[in-house]
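Per-entry structural report
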Amino acid sequence: MSDPIRLTTPFSDADVEKLKIGDRVLISGVIYTARDAAHARLVELIEKGEALPFDPAGQVIYFVGPTPPKPGKVIGSAGPTTSYRMDPYSPTMIEQGLKGMIGKGKRSDEVKAALKEHKAVYFGATGGAGALISLCIKSAQVIAYDDLGPEAIRKLTVEDFPATVVNDCHGGDLYMEGRKQYAAK
Amino acid sequence: MRELDVSLITQALKRMAIEANTELGDDVLCAFDKALAIEPSDTGRDVLEQLKLNASIASENKMPLCQDTGVAVVFAEVGQDLHFVGGDLNEAIDEGVRQGYAEGYLRKSIVRDPLNRVNTGDNTPAIIHITVVPGDKLKLTLAPKGGGSENMSGIAMLKPADGVEGVKAFVLECVSVAGPNPCPPIIVGVGVGGTFEIAALLAKKSLLRPVGEHNSDPYYAALEAELQEEVNKLGIGPMGMGGVTTSLGVHIEYHPCHIASLPVAVNIQCHSARHKEVEL
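1. Some points on the environment of B:Lys168
Residues and elements named next belong to chain B. In this structure, lysine 168 sits in helix H6 (residues 163-178). For lysine 168 and valine 74, which are 94 residues apart along the polypeptide, the C-alpha to C-alpha distance reads 29 Å. Ignoring any residue separated from it by four or fewer positions in sequence, one finds lysine 168 in contact with Leu223, Glu226 and Leu227. Within the local environment of lysine 168, its side chain forms a polar contact with the side chain of glutamate 165, the two groups lying 3.1 Å apart.

Have a look at this one:
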């Protein structure tokens, strides 16, 4: 197994272009959290032409709704949620310059087409490894939609967040390729 | 008639909510080790190692294994010679969930109504299944159930002519369509027979068994083993990234049904297969 690729946010087109499906990466820098409810609000703002709580250009969104932090802790458990629920919204976010998404599970053909067209990448993190992943989150701050509780938008600072490239900007799909490789003939 | 104060139920559920969400059962941990011994995919083994490490971090730090601490599914087997005192049984269960999810810093994942979607803020109400059994004891089981795997579940009202082949095809289709979404390796809960609602309930109940423990009926045990092998031939693998460990176990429960019917339900459980039991 090759060594993981270290990436720092925000991403340029060149950062994204060099990534291929199956690459293991360690992401550091600022990332933003959002689930379905927050995405619905973001896309509504975009449709109305209003400003977003953060500029998505070059940024990475992590699909997560963490558990509450215990006293003295930055965050609770914080593993990925299933990504297809964000499929209706992700192409719009990618058009706004979003360069990366972290989640788990399949994406739609529309999302995969947007990754290709606008040079963006979808990473899979290990679902159910919320305690492990929380250790690489160094700060967390709610920046919008506090009323959504676990679904609020948080600005996270992460160090060496482990993920794997599932859909690259070249049309690759690790879920399809991996399955093909190991399915009994 | 034995009396049981419902405050004891609240206390028990509070403790179980925290323990179930922070301590992964030995049955699941053993299943990870077995899978690691045979999984040929590097990525797949890496995922399984992460899951083992995650379980030890969660246990040491008393923090949730997964951020989705679930909807609180509670099974209560009530002895018919038991009399509850000191309050409402259902409210006592909800209060235990409320206290456990607050004190355990667990996520509140329940919305008041499915279309207007405002969070109840305390993870209540629990989903409560009560059955009356002989005796004067109360057996409580709490199974926090995550949304990601629950969403990949399905039900089919097959024709009797579809038979066992129809059941197998439906189970394999559910797992295949779910692919990476429900956080494989999964446990596949199958309910066959009964009525529309009983098939679904049996599928959920089958998930309460220790992972990989077979049905006591040899016919259904053999069917479980066969389906387990077929599911793992799909190639989905840990987190869907390819491999031979798609399922840690297929559990089937069955029930008598109408001469015209063959209901089959599949309830998918992620690898964070959490449940706790207590007898009061």
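2. Examining the nonpolar core
Residue and element names in this part refer to chain A. Residues Ile27, Ile31, Ile102, Phe123 and Phe161 are the most contacted members of the largest nonpolar core, which totals 50 residues. With residues up to four places along the chain from it excluded, the contact list for phenylalanine 161 reads Val25, Leu26, Ile27, Ile31, Tyr62, Ile102, Ala125, Ile133 and Cys136. In this structure, Ile61, Leu148, Ile153 and Leu174 belong to the second largest nonpolar core, which totals 29 residues.

3. Section: the sheet that holds strand E8 (residues 247-255) of chain B
All names here are of chain B. Across the sheet, which stays open at both edges, the four strands sit in the order E6-E9-E7-E8 with mixed pairing between neighbours. Lying at the two open borders of the sheet, with one neighbouring strand each, are strand E6 (154-158) and E8. The sheet shows a mean angle of 15 degrees between the axes of neighbouring strands, taken without regard to direction. On top of the sheet, helix H7 (residues 196-206) reaches E6, strand E7 (186-193), E8 and strand E9 (262-269); it is set at about 145 degrees to E7, its chief contact.

4. Describing the sheet that holds strand E2 (residues 71-79) of chain B
Residue and element names in this part refer to chain B. Spatial ordering of the open sheet is given by E4-E2-E5-E10, a layout of four strands whose pairing is mixed. Either end of the sheet is taken by a strand with one partner, and the two such strands are strand E4 (127-133) and strand E10 (276-279). Taking the axes of each pair of neighbouring strands and ignoring which way they run, one obtains an average angle of 15 degrees across the sheet. In this sheet, E10 lies alongside strand E5 (residues 138-145) in antiparallel orientation, the contact comprising four bridges. Across the sheet, leucine 142 pairs through a bridge with lysine 276, a residue of E10. Helix-sheet contacts for helix H1 (residues 6-22) involve E2, E5 and E10, and the interaxial angle to E5 is about 35 degrees.

5. Some thoughts on the pairing of E7(B)
Residues and elements named next belong to chain B. Counting buried positions over the eight residues of E7 gives eight, a clear majority of the element. As judged from the eight bridges shared by E7 and E8, these two strands associate in the parallel manner. From the neighbouring strand, valine 192 faces E8, where its bridge partner is tyrosine 254. Relative to E9, E7 runs antiparallel, the two sharing six bridges. Looking across to E9, one finds that valine 188 is bridged to isoleucine 268.

6. What about the domain arrangement of chain B?
Residue and element names in this part refer to chain B. Segmenting chain B into domains produces domain 1 (2-20 + 65-145) and domain 2 (148-277). The C-alpha-based centres of domain 1 and domain 2 are spaced at 25 Å. Taken together, the contact pairs 18 residues of domain 1 with 16 residues of domain 2. Summed over both partners, the interface of domain 1 with domain 2 comes to about 1400 Å²; 62% of that surface belongs to carbon and sulfur atoms. At the junction of domain 1 with domain 2, the criterion picks out one salt bridge. One salt bridge connects lysine 145 with glutamate 150, and the closest N-O pair in it is separated by 3.0 Å. Connecting domain 1 to domain 2 are five residue pairs in polar contact (both at pLDDT 80 or more). It is E5 that contributes the most residues to the side of domain 1 that touches domain 2, seven residues altogether. When grouped by side-chain class, the residues that make up the side of domain 1 that touches domain 2 number 10 nonpolar, four polar and four charged.

Cut-off values and rules
Residues numbered from 1 in each chain as written. Chains lettered and ligands numbered in written order. Predicted model: local features only at pLDDT ≥ 70, side-chain atom pairs only at ≥ 80, totals over all residues. Heavy atoms only, no water. Helix = DSSP H or I, 4+ residues; strand = E, 2+ residues; numbered from the N terminus. Contact = heavy atoms within 4.5 Å. Polar contact = N/O pair within 3.5 Å; in protein donor to acceptor, adjacent residues only side chain to side chain. Core = buried A, V, L, I, M, F, W, Y, C linked by side-chain atoms within 4.5 Å. Buried < 20%, exposed > 50% of the residue type's maximum accessible area, 1.4 Å probe, protein only. Pairing = 2+ DSSP bridges. Axes fitted to C-alpha atoms, helices over the stretch in contact; angles between N-to-C directions. Domains from an automatic or database assignment. Buried area = accessible area lost by both parts, 1.4 Å probe. Salt bridge = Lys/Arg side-chain N within 4 Å of Asp/Glu carboxyl O. Nonpolar A, V, L, I, M, F, W, Y, C, P; charged D, E, K, R; others polar.

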